[in-house]
Amino acid sequence: MFGSRCRSRGWPHPSPEQDPPPMNHTKLVVATAGTLALLGAVIFGGQLANPAPTTTKQATDRASASVGGTLRIGVTSAEPAYYKADGVTKGFDYEMARGVADQMGTEPEFVEMELNKLFPALKAGKIDMIGAQVTKTTDLERDFDFSAPYFETYVSFLVPNNSTIHTRGDVHGKTIAVVAGTIQERYLQDQYQQVDIVKAPDAAAAVEMIGRGEADVFCSGAPYVESIIKRAPIALNEPIRYRAKQAPIGFVIRSGDPRKEQIDAAIEDMIRSGEWLKIKTTYFEPDPLAEMFQEKGA
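These remarks concern the structure in this document. (Residues numbered from 1 in each chain as written. Predicted model: local features only at pLDDT ≥ 70, side-chain atom pairs only at ≥ 80, totals over all residues. Heavy atoms only, no water.)

1. Considerations on the pairing of strand β10 (residues 175–179)
Cut-off, in case you're wondering: Only protein chains enter the accessibility calculation, which uses a 1.4 Å probe; a residue whose area is less than 20% of its type maximum is buried, one above 50% is exposed, and one in between is partly exposed. Helix and strand definitions follow DSSP, with helices as H or I runs of at least four residues and strands as E runs of at least two, each counted in order from the N terminus. Strand pairing is assigned whenever DSSP detects at least two bridges linking the two strands. By definition, the crossover connecting two strands over a helix is right-handed if that path, from the first strand to the second, turns clockwise as seen with the strands pointing away from the viewer.
The element β10 is extensively covered by neighbouring structure, given that five of its five residues are classed as buried. Neither face of β10 is exposed, since Thr175, Ala177 and Val179 on one face and Ile176 and Val178 on the opposite face are all buried. Judged from the five bridges that link them, β10 and strand β11 (residues 196–200) form a sheet pairing that is parallel. Directly across from Ile176, in β11, lies its bridge partner Ile197. Note that the unit made of β10, helix α4 (residues 183–191) and β11 has a crossover that is right-handed. Bridge count for β10 against strand β12 (residues 217–221) is two bridges, and the pairing is parallel.

2. Re the packing of aromatic side chains
Here is the rule we go by: Think of it this way: a Phe, Tyr or Trp ring, Trp meaning its six-membered ring, pairs with another when their centres are within 6.5 Å, and the plane angle makes it stacked under 30 degrees, edge-to-face over 60, tilted otherwise.
Counting across every chain of the model gives 13 aromatic pairs. On the numbers, 5.1 Å between centres and 55° between planes, the contact of Phe92 with Phe151 is tilted. Note that Phe92 is positioned in helix α1 (residues 92–104) and Phe151 in strand β9 (residues 151–160), a separation of 59 residues in sequence. Relative accessible area serves as the criterion here: at 0%, Phe92 is assigned to the buried category. The rings of Phe92, Tyr150, Phe151, Tyr154, Phe251 and Phe284 are connected pair by pair, giving a single aromatic cluster.

3. Thoughts on the environment of Ile229
For Ile229, the location among the structural elements is in helix α6 (residues 225–231). Residue classification places Ile229 among the buried positions, given a relative accessible area of 14%. Counting along the chain gives 71 residues from Ile229 to Leu158, while the straight-line C-alpha distance between them is 8.3 Å.

4. Some points on the packing of α1 against helix α7 (residues 260–273)
Applicable threshold: A fitted line through C-alpha atoms represents every axis, and for helices the fit uses only the stretch in contact; the resulting angles, taken between N-to-C directions, go from 0 to 180 degrees. Roughly parallel means an angle under 35 degrees; roughly antiparallel means over 145; roughly perpendicular covers 65 to 115; every other angle is labelled oblique. Left-handed describes a crossing whose near helix is turned anticlockwise from the far helix through less than a right angle; right-handed describes the clockwise counterpart. Contacts are residue-level and defined by heavy atoms, with any inter-residue pair within 4.5 Å sufficient. Gly is placed with the polar residues, together with every amino acid not listed as nonpolar (Ala, Val, Leu, Ile, Met, Phe, Trp, Tyr, Cys and Pro) or charged (Asp, Glu, Lys and Arg).
Relative to each other, α1 and α7 sit at 115°, their axes nearing to 9 Å. Here α1 is positioned roughly perpendicular relative to α7, judged by the angle of their axes. Taken as a pair, α1 and α7 cross one another with a handedness that is right-handed. Between α1, through Glu95, Met96, Gly99, Val100, Gln103 and Met104, and α7, the contact on the second element is made entirely by Gln262, Ile263, Ala266, Ile267, Asp269 and Met270. The residue inventory of the contact of α1 with α7, partitioned by class, reads seven nonpolar, three polar and two charged.

Printed below as a string of structure tokens:
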């Protein structure tokens, strides 16, 4: 899984329906850039802010009941999905997870950890659900169940201010930095021709690579762009942003967890009641609604 609201820096051309042909000459290069400190939180808008429930830094093995008990939700501290401002917890995924827990009659407990630790913790039963802007993929579906979608994946390309990259076609033949293991890495491999992909351990290291001239562009998840630009040591802008096709975001639960139906029903109710749209507008006002949410009356 945030005041002023997140503002878009313009939409790309062509449209999302005009994805480039499958990649056939992509080269992967493992970056050796040193890991910097994680990017700090930036306050966006929090008109739905509530006092945070108890948050633990490490998951516990305490069992949670399905009704009347605790729903342990694994999160990463990343704005605007989940973050704290002035001692208050905020975020799109935070608000959505709280709404789901409330409708299930459970108490939410947010467990903060690094992204690469969330899935082992879920498998081990240390958390019950992951709420961290996780895109549904075939690989993940082999090991976990996904809830009904509560958002879709938006892709952003960040470049230095003097860059000649202005459209999606301009990235061909360029070197693109990406955070290793993210959906953006896989998406680039599938969708872009003749690009070199260099992998960085985190967003700060990817930005450093652009500053050193080791990469021309940084492909990131759109929700985190404002924070990255504000904290970057070099001047960046976002010339390209679009919704990735067939890339829904959902809560991740253990395979076969019987609470999936309750979680799905809670998401459906939040969308139809208008609560989802209220939360979405708070944190992602510029992003247009995907058809799947329009069809549900959002």
